[in-house]
Amino acid sequence: MISEEAVAHVAASLRISTNRARRLAHTALPAGFVRSVSLTSEALLVEGPTDVAVFAALVDVPVLAVGGKNVLPLAVAVARAHGCEPRVVLDADAHHYRAQRGSERLLDLLAGTVVHVLPVDLEAALRDWPSFLAALHRTGSGLGAKDPAAYAAAVGEAGHYDLPAALVLV
């Protein structure tokens, strides 16, 4: 449950009414998100479950999926309202003009937040990680399946010696 103080913070951060902030916080964020950010002082916010499967094994903070890029500004505001300092990972979507413009607007909305932008989509970055691909193949899955469980197993088995630079979060 999001407190009224947090709702006011979110509304001010996003420049929306408190009613809209309250409604968005209850409908746009994944179940359990508010509770998760209220239990930690920092977190890595990502778009979806395959991102969680990969980055949870690569960083030492909780990794939370927000349900898509369009929800990230709300998620950041809610996290901050609960005392959690979020970092964000998103892909560049450089191959689509409309998506690229959307990513630029998103970066403007996330000003003041540490944002790691992958130069390509997650699967393209994973193609450059040989030990991950070998481990993923052993699971019987592939990149096209976008199977979070297979990704998590493969990341756990893969070596970090050949981790592509795009996936190194500093």
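Residues numbered from 1 in each chain as written. Predicted model: local features only at pLDDT ≥ 70, side-chain atom pairs only at ≥ 80, totals over all residues. Heavy atoms only, no water.

### Here we look at the overall build of the protein chain
Phase 1 of the analysis: Along the protein chain, the regular secondary structure elements total nine helices and four strands.
Phase 2 of the analysis: What you see in the protein chain, going N to C, is helices and strands ordered as α-α-α-β-α-β-α-β-α-β-α-α-α.
Phase 3 of the analysis: Computed over C-alpha atoms, the radius of gyration of the protein chain comes to 17 Å, within 12% of the 15 Å expected from 2.2 N^0.38 for 170 residues, which places it in the range of a compact globule.
Phase 4 of the analysis: Expressed as lengths along the three principal axes of its C-alpha atoms, the size of the protein chain is roughly 50 × 35 × 25 Å.
Phase 5 of the analysis: Considering the protein chain as a whole, with its 170 residues, one finds that 44% of them fall into the buried category.
Phase 6 of the analysis: Summing over all exposed atoms, the protein chain offers an accessible surface of approximately 8,800 Å²; the carbon and sulfur share of this is 53%.
Phase 7 of the analysis: Averaged over its 14 positive side-chain charges, the protein chain has a centre that lies 9 Å from the centre of its 17 negative ones. (Helix = DSSP H or I, 4+ residues; strand = E, 2+ residues; numbered from the N terminus. Rg over C-alpha atoms; globule rule 2.2 N^0.38 Å. Buried < 20%, exposed > 50% of the residue type's maximum accessible area, 1.4 Å probe, protein only. Areas by Shrake-Rupley, 256 points an atom, 1.4 Å probe, with all protein chains shown as cover. Lys, Arg positive; Asp, Glu negative; His and termini not counted. Charge placed at Lys NZ, Arg CZ, Asp CG, Glu CD.)

### Comments concerning the nonpolar core
Phase 1 of the analysis: Counting 28 residues, the largest nonpolar core has Ile 2, Leu 29, Phe 33, Leu 45, Leu 72 and Val 78 as the members making the most contacts within it.
Phase 2 of the analysis: Those elements that provide at least two residues to this core are helix H1 (4-14), helix H2 (18-27), helix H3 (33-38), strand S1 (42-46), helix H5 (72-81) and strand S3 (85-91).
Phase 3 of the analysis: Among the elements that line this core, the one with the most residues is H5, at seven residues.
Phase 4 of the analysis: Excluding residues within four positions of it along the chain, Leu 45 makes contact with Phe 33, Leu 64, Val 66, Leu 72, Ala 75, Val 76, Pro 86, Arg 87, Val 88 and Val 89. (Core = buried A, V, L, I, M, F, W, Y, C linked by side-chain atoms within 4.5 Å. Contact = heavy atoms within 4.5 Å.)

### Here's the deal with the packing of helix H8 (residues 130-138) against helix H9 (residues 148-157)
Phase 1 of the analysis: Running from amino to carboxyl end, H8 crosses H9 at an angle of 130°, the nearest separation of the two axes being 8 Å. Taken together, H8 and H9 sit at an angle that is classed as oblique. Relative to H9, the crossing made by H8 is right-handed. On the side of H8, the interface is formed by Phe 132, Ala 135, Leu 136 and Arg 138, while H9 contributes Ala 150, Tyr 151, Ala 154, Val 155 and Glu 157.
Phase 2 of the analysis: Residue classes in the contact of H8 with H9 are distributed as seven nonpolar, no polar and two charged. (Axes fitted to C-alpha atoms, helices over the stretch in contact; angles between N-to-C directions. Parallel < 35°, antiparallel > 145°, perpendicular 65-115°, else oblique. Left-handed = near helix turned anticlockwise from the far one by under 90°. Nonpolar A, V, L, I, M, F, W, Y, C, P; charged D, E, K, R; others polar.)

### Thoughts on the sheet that holds S1
Across a sheet, paired strands are connected by hydrogen bonds in the backbone, their directions being either parallel or antiparallel.
Phase 1 of the analysis: Strand order in the open sheet made by the four strands is S2-S1-S3-S4, with parallel pairing throughout. Both edges of this open sheet fall to strand S2 (63-65) and strand S4 (114-118), since each of them pairs with a single strand only. Ignoring strand direction, the axes of neighbouring strands in this sheet form an average angle of 25°.
Phase 2 of the analysis: Of the strand pairs in this sheet, S1 and S3 are connected by four bridges, and their pairing is parallel. Residue pairing in the sheet places Leu 44 in a bridge with Arg 87 of S3.
Phase 3 of the analysis: Sheet contacts for H5: S1 and S3; angle to S3, the most-contacted strand, approximately 165°. (Pairing = 2+ DSSP bridges.)

Remember that the coordinates give geometry; whether it matters functionally is a separate question.
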